[in-house]
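So the chains spell out like this:
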Amino acid sequence: MKIKDIFEEKEHVISFEIFPPNKNFSEERLKEVTSELIKHKPDFISVTYGAGGTTKSGTIEMSSHIKNNLKSEVLAHLTCVGSKKTEIASFLEEAKNHNIKNIMALRGDIPQGEDESIYEKGDYRYASDLIRNIKETHDDFSIGAAFYPETHYESNDLADIVHLKKKVDEGVDFLVSQVCFDNRMFVDFREKAEKLDIKVPLIAGIMPVTNAAQIKRIVQLCKSSIPSGLEKILDKYGSNPESMKKAGIIYATEQIIELLSYGIRGIHLYTMNKTDTTEEGTTKTTTTVKRVKQERQE
């Protein structure tokens, strides 16, 4: 099923993100993880794609497993940095052959050992170029794209949202946010997007913070800010793994509850291939969704 159709059928959409097998995380282990995640009945699971296509085959294989064996909808990531159109066409054909109907179209990070000259080696400079190409050659996919509630690290506030508008105009059906810990910034971004007539669903990317050192590395990579409330949690529980895990799940759950109350329709949990934190966060999210629906009916 196409994700754009899921949003037409459901008021709230809950999804998970995993990364494909690599040298530190085997295919067998990931299949065990996805089998556990499926029990929570997400509306879809997204499978990421390594820098420069380093996990290309793993993305397709795991997406196919989720779609065809586990019978859950899937969103396969596809990056275009340094890629030729023939490579992208091959990936899309393979995805289509595996009954994959949803593509997350991304520019992608510059691979290690490369620099910005890589843009001249491929046929795409921006994600909007990839989106246009997919719509022109494979219009049977539902296309998602990324956005940064706090502004892309290579851009500024106005330029970033103009680029986002271009992605939508090229054919994007839904938008998934980078990790965001500050709901106010997310809601402010939605207001700006609405002024530019960006009407596709905005999905909030939520990551339960369970490891203080890890989250600080992630923040550096995606340039997300840490609100004072979360900073206090990191300072207080960062050296105590079990307490940090509990506090991180509570913070993420409160984020989700507040976002739903603001009318945000999509929640995307960055699982980091972990089932325990996802399980607790999903249970609380599902309970909240049911409560919100009941309150609206009353």
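Residues numbered from 1 in each chain as written. Predicted model: local features only at pLDDT ≥ 70, side-chain atom pairs only at ≥ 80, totals over all residues. Heavy atoms only, no water.

A. Fine view of the side chain of His268. Checked against the element boundaries, His268 lands in strand E8 (residues 266-270). The buried category is assigned to His268, whose relative accessible area is 1%. A polar contact of 2.6 Å, which involves the side chain of His268, links it to the side chain of Ser15. Setting aside anything within four residues of it in sequence, one finds His268 in contact with Ser15, Phe16, Glu17, Phe44, Ser46, Val176, Ile203, Ala204, Gly205 and Ile206. (Helix = DSSP H or I, 4+ residues; strand = E, 2+ residues; numbered from the N terminus. Buried < 20%, exposed > 50% of the residue type's maximum accessible area, 1.4 Å probe, protein only. Polar contact = N/O pair within 3.5 Å; in protein donor to acceptor, adjacent residues only side chain to side chain. Contact = heavy atoms within 4.5 Å.)

B. Representation of helix H8 (residues 212-222). Looking only at H8, the buried set comprises Ala212, Gln214, Ile215, Ile218, Val219 and Cys222. End-on, the buried residues of H8 take up no more than an arc of 155°, which puts them together on one face. Within H8, the exposed residues directed more than 90 degrees away from the buried face are Gln220 and Leu221. Residue Asn211 occupies the N-cap position of H8, its side-chain oxygen lying 3.1 Å from the main-chain nitrogen of Ala213. Lys223 sits one or two residues past H8 and shows a positive phi near 60°. (Arc of directions from axis to C-beta.)

C. Region of interest: the pairing of strand E7 (residues 202-206). With respect to burial, E7 is a largely interior element, 5 of its 5 residues being buried. Every second residue of E7 is oriented toward a common face, with Leu202, Ala204 and Ile206 on one face and Ile203 and Gly205 on the other, all of them buried. Alignment of strand E6 (residues 174-179) against E7, held across 3 bridges, turns out to be parallel. Along E7, the bridge assignment pairs Leu175 with Leu202. Read from E6 through helix H7 (residues 183-195) to E7, the crossover connection turns out right-handed. As defined by bridge partners, E7 adjoins E8 across 4 bridges and the pair is classed as parallel. (Pairing = 2+ DSSP bridges. Right-handed = clockwise from strand over helix to strand, strands pointing away.)

D. Region of the structure containing the nonpolar core. By size, the foremost hydrophobic cluster in this structure holds 54 residues, and its most contacted members are Leu78, Ile103, Ile134, Leu175 and Ile267. Listed in part, the 28 residues of the second largest apolar core include Val13, Phe44, Met104 and Ala247. (Core = buried A, V, L, I, M, F, W, Y, C linked by side-chain atoms within 4.5 Å.)

E. Spotlight on empty space enclosed by the protein. A complete count under the given rule lists 2 cavities of 30 Å³ or more for this structure. Approximately 80 Å³ is the volume attributed to the largest cavity. In this structure, the largest cavity is lined by 13 residues; those nearest its centre are Met207, Pro208, Thr210, Thr271 and Met272. Of all the secondary-structure elements, those providing two or more residues to the lining of the largest cavity are H8 and helix H11 (276-297). When grouped by side-chain class, the residues that make up the lining of the largest cavity number 6 nonpolar, 6 polar and 1 charged. Along its surface, the second largest cavity is lined by 10 residues, and Tyr148, Pro149, Glu150, Cys222 and Ser224 are the ones closest to its centre. A class-by-class count of the residues in the lining of the second largest cavity yields 5 nonpolar, 3 polar and 2 charged. (1 Å grid on protein atoms, 1.4 Å probe; cavity = no way out; pocket = protein on both sides within 12 Å on 5 of 7 lines; lining within 4 Å. Points joined across faces, edges and corners; volume = space filled by probe spheres on them. Nonpolar A, V, L, I, M, F, W, Y, C, P; charged D, E, K, R; others polar.)

F. Spatial organisation of the side chain of Ser46. Tracing the chain through its elements places Ser46 in strand E2 (residues 44-47). Side chain to side chain, Ser46 and Glu17 meet in a polar contact 3.0 Å long. Setting aside anything within four residues of it in sequence, one finds Ser46 in contact with Phe16, Glu17, Ile18, Leu75, His77 and His268.

G. Structural context of the packing of helix H4 (residues 85-97) against helix H5 (residues 127-137). Orientation of H4 relative to H5, taken along the N-to-C sense of each, is 55°, at an axis distance of 11 Å. Classified by the angle their axes make, H4 and H5 are oblique. With respect to the hand of their crossing, H4 and H5 are arranged in right-handed fashion. In this structure, H4 uses Lys85, Ile88 and Leu92 to contact H5, whose residues at the interface are Leu130, Asn133, Ile134 and Thr137. For the contact of H4 with H5, the residue count by class is 4 nonpolar, 2 polar and 1 charged. (Axes fitted to C-alpha atoms, helices over the stretch in contact; angles between N-to-C directions. Parallel < 35°, antiparallel > 145°, perpendicular 65-115°, else oblique. Left-handed = near helix turned anticlockwise from the far one by under 90°.)

By themselves these figures say nothing about function.
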